[in-house]
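The residues making up each chain are set out below.
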Amino acid sequence: MAKREYSFYPGCSSQKKASAYNQWVSTVSICKELDIQLNEISDWNCCSASIGYAGGGELPRLVLSARNLALSEKEHPGQDLVATCAACWLATREANERLNHDAEMKTDANEALKEAGLEFKGEKKVRHLVEVLIEDVGYEEIKQHVKKPLADIKIAGYVGCQTNRPFGIAGESFENPVYLDKLVEVLGGTPVENYDKKVSCCGGALMFSEPEKSQALVKDILEAAYDGGADMIVTPCPVCQMNTEVYQEHINKKYGTKFNIPSVYYSTLMSVAFGQSAKEAALDGQIISAKKLEAIASK
Amino acid sequence: MSQAVEKYRNTFLREVEANVEEGQWVKMCMQCGVCSGSCPLGPHWEHPPQEIFMMIRANKREEVLTSSSMWFCTSCYNCIARCPRELPITHIMHGLAHYAQRQGLAPKELPTAKFAKRFWDNLLKKGRVNELQLGLQLYFMNGLAEGIKTSLKMQKVGLGMLKTKRMDPMEALGGHGCKDIKGLKAALNKAKQIEETKAAKALERLQSKS
Ligand code: SF4
Ligand code: SF4
């Protein structure tokens, strides 16, 4: 039996051949190393992220997450529900807390869920995988697994919005969370100090609908990373990762910049530092390849 | 003038309190402006959140509901983290956008309004979001010519995603989904029904008072 077991909600972007599939691959790798077992909720549905509101009212949107929670309660009793996607985590945790604080809303949600033969009890804790890593595993234990320190790599810890607000990682501040920096240090790398765009917004889902305005935000995030001397950006969020990585060419064209900076998941960093292969670390999932990590992985 | 306006008679604040997610918080705003200063796309808002709250109290129904403002919310939660009165501003913005859409007052040509609606429809189909179908629809939502232009502009991104196995062309034809889509749809319909019945009741209560 694995040392630690959790009920797992992967979310739409982590599915096979979806935009954050590389996050999923590297997550699986580090969990194997740390003896963490993620039990996937069998028939999970989309959480509607933060953009479903045009079509879905408040209760239908809460019911989406309540269904996932109800499935998790049924299939994995006693296990915390864990998500890797910022939006999935936020939506699920919010639904859990709001329904638990509002008896009438909970009754309504359950009346709706009855149609699917399910019941939301509200007995779970909803957690981000980062919380599991920091609180349950801990920096000390993570350090013990480092076989190839990320020496001489300077990394800008881009936390973004939804992993940070409104809930955030326990014990961290909204304006200057430091967990990514600490993690980078534990892995043997050098965090960019005073990275002032650390918690700035990348435009989120509005990158699709308002690309130019969102790319202007991303430009500032990239610029600050460059100014801090970063070799790469690390982030916990699939939307942040995608937005900071794939539009650099568009941004260069528009602003005459020369950005070409890799943006990786913390799980990819960890996997490489743990001595796992480039494939396990999902380095082949980078559109802008992380050469310095590839070099370490092939050592 | 629409029926709803008639019914509420100069009480847009009460209409918001009864129908909009977390609307009962609007009256708690003390107009400090911190939220407006925290919005990432702030300069693009016709009326930033603080102003929207003031306009609701000033009974500017049409101006608020037809505004493009709320649709520029990126859900960054900056405002919530900073508001001294702890208003759930993000939720109120989502709620206002939803209500405006339901009333048919949301600006029709606004990209985010279209995108948000398509996102919901896409997720309703199979219970999970199909990124490729959503993306394709998105590029073509402004018509064929515009769509081809956008697709070409995005081609490189698409190829990169494909090469790195982060996109699946087969998804355009069907793709993954929830097994119990029937149950999910039934639950969502029921939820919608409950919500609408409650809104109607709230409306009745307000009318009997005024
Ligand atoms: S920060 Fe809060 S109190 Fe201040 S204007 Fe915004 S909503 Fe009102
Ligand atoms: S959550 Fe929305 S309203 Fe609040 S600061 Fe961010 S963009 Fe502005």
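One numbering rule holds for all chains: residues counted from 1, following each sequence as written. Starting at A for chains and at 1 for ligands, labels are handed out in the order in which the entities are written. Only residues with pLDDT of at least 70 are given local features in this predicted model, and only at 80 or more are side-chain atom pairs given and counted; all residues enter the totals for whole chains, interfaces and linings. In computing side-chain values, all of the structure's heavy atoms are included and hydrogens and water are not.

Q: Talk me through the site of ligand 2; I want residue IDs and the actual numbers.
A: Around ligand 2, a shell composed of B:S38, B:C39, B:P40, B:W45, B:C73, B:T74, B:S75, B:C76, B:Y77, B:N78, B:C79 and B:T90 is seen. Asp, Glu, Lys and Arg are counted as charged, while Ala, Val, Leu, Ile, Met, Phe, Trp, Tyr, Cys and Pro are counted as nonpolar; the rest, among them Gly, fall into the polar class. Each residue belonging to the shell around ligand 2 can be placed in one class, and the counts come to seven nonpolar, five polar and no charged. In these notes, residues near a molecule or strand are those with any non-hydrogen atom within 4 Å of it.

Q: Just give me the short version of the interface of chain A and chain B, but keep the residues and values in it.
A: Note on definitions: a residue-residue contact is assigned when non-hydrogen atoms from the two residues lie within 4.5 Å. Contact residues are listed per partner, giving 66 residues for chain A and 62 residues for chain B. Where chain A abuts chain B, roughly 5,800 Å² becomes buried across the two surfaces, and 62% of that area is made up of carbon and sulfur atoms. For this analysis, a polar contact is any N or O atom pair within 3.5 Å, provided that within protein one partner can donate a hydrogen and the other can accept it, and provided that sequence-adjacent residues contribute only side-chain to side-chain pairs. Counting every contact that joins chain A to chain B gives 19 residue pairs in polar contact (both at pLDDT 80 or more). In this text, helices come from DSSP runs of H or I with a minimum length of four residues, and strands from runs of E with a minimum of two, each type numbered from the N-terminal end. Only α1 (21–33), α2 (58–75), α3 (86–101), α4 (103–114), α8 (206–209), α9 (211–227), α10 (238–245) and α11 (248–255) of chain A provide two or more residues apiece to the side of chain A that touches chain B. When its residues are assigned to classes, the side of chain A that touches chain B shows 29 nonpolar, 19 polar and 18 charged. Note on definitions: buried area is the accessible-area loss of two parts on being combined, 1.4 Å probe, summed for both.

Q: Summarise the packing of α2(A) against α4(A); cite the residues concerned and give the values.
A: Two numbers describe a pair of packed helices, the interaxial angle and the distance between the axes. All names here are of chain A. Axis definition: a line fitted to C-alpha atoms, limited for helices to the stretch in contact. Angles are taken between N-to-C directions and run from 0 to 180 degrees. Contact geometry of α2 with α4 gives a least axis separation of 9 Å together with a crossing angle of 70°. In terms of axis orientation, α2 runs roughly perpendicular to α4. Where α2 approaches α4, its residues E58, L59, L62, V63, A66, R67 and A70 are matched on the opposing element by M105, D108, A109, A112 and L113. Looking at the contact of α2 with α4 residue by residue, the class counts come to nine nonpolar, no polar and three charged. To sort the angles, those under 35 degrees are grouped as roughly parallel, those over 145 as roughly antiparallel, those from 65 to 115 as roughly perpendicular, and the leftovers as oblique.

Q: Run through the site of ligand 1, naming residues and quoting values.
A: Residues and elements named next belong to chain B. Surrounding ligand 1, one finds 13 residues, the nearest of these being C29, C32, G33, C35 and C83. Residue assignment for the shell around ligand 1 shows that the elements contributing at least two residues are α3 (34–38) and α4 (49–57). Among the residues making up the shell around ligand 1, the classes are represented as ten nonpolar, three polar and no charged.

Q: Now, about the sheet that holds strand β8 (residues 263–265) of chain A: what can you tell me, with residues and values included?
A: All names here are of chain A. Should DSSP find at least two bridges between two strands, the strands are taken to pair. The strand order across the open sheet formed by four strands is β6-β5-β7-β8, and the pairing between neighbours is parallel. Here the strands that pair on one side only, and so sit at the sheet edges, are β6 (190–191) and β8. By the bridge criterion, two bridges tie strand β5 (residues 154–157) to β6 in an arrangement that is parallel. Each residue of the ladder has a partner; that of I155, found in β6, is P191.

Q: Mind laying out the domain arrangement of chain B, listing which residues take part and the relevant values?
A: All names here are of chain B. For every domain, the bounds stem from an assignment made automatically or drawn from a database. Parsing chain B into structural domains produces domain 1 (3–109) and domain 2 (111–183). Taken together, the five residues of domain 1 in the interface contact six residues of domain 2. Interface of domain 1 and domain 2: buried area, both sides summed, is about 470 Å²; carbon and sulfur atoms make up 56% of it. Of all residues in domain 1, W71, Q101 and E109 bury the most surface against domain 2, accounting for 82% of the area lost on that side. The term salt bridge refers to a pairing of a side-chain nitrogen on Lys or Arg with a carboxyl oxygen on Asp or Glu at a separation within 4 Å. Linking domain 1 with domain 2 are one salt bridge, by the criterion used here. E109 is the partner of K114 in a salt bridge, and the nearest nitrogen-oxygen pair spans 3.2 Å.

Q: If you had to explain the environment of A:L283 to someone new, which residues and values would you point to?
A: Here A:L283 lies in the loop between α12 (266–273) and α13 (291–297). Judged by its relative accessible area of 3%, A:L283 is buried. Each residue is assigned to one of three classes by its accessible area relative to the maximum for its type, calculated with a 1.4 Å probe on protein chains only: buried under 20%, partly exposed between the two thresholds, exposed over 50%.

Q: Report on the nonpolar core, specifying residues and quantitative values.
A: Among buried residues, those of type Ala, Val, Leu, Ile, Met, Phe, Trp, Tyr and Cys that are joined through side-chain atoms within 4.5 Å constitute a nonpolar core. Core analysis: the largest hydrophobic core is formed by 84 residues, its most contacted members being A:V63, B:F53, B:I56, B:W71, B:M93 and B:L96. With eight residues, the single largest contributor to this core is α2(A). Discounting residues that sit within four places of it in the chain, B:F53 has contacts with B:V26, B:C29, B:Q31, B:L87, B:I89, B:I92 and B:M93.

Q: Got a sec to walk through the sheet that holds strand β3 (residues 81–83) of chain A? Specific residues and values, please.
A: Residues and elements named next belong to chain A. If you trace the four strands from one edge of the open sheet to the other, you get β2-β1-β3-β4, paired in parallel fashion. Two strands bound the open sheet, and with one partner strand each, they are β2 (36–40) and β4 (126–128). With strand direction ignored, the average angle separating the axes of adjacent strands in the sheet is 45°. Where strand β1 (residues 4–9) meets β3, three bridges bridge the pair, whose relative direction is parallel. When the bridges of β3 are listed, F8 appears paired with V82. Strands in contact with α2 are β1, β2, β3 and β4; relative to β3, the strand with the most contacts, it is inclined by about 130°.

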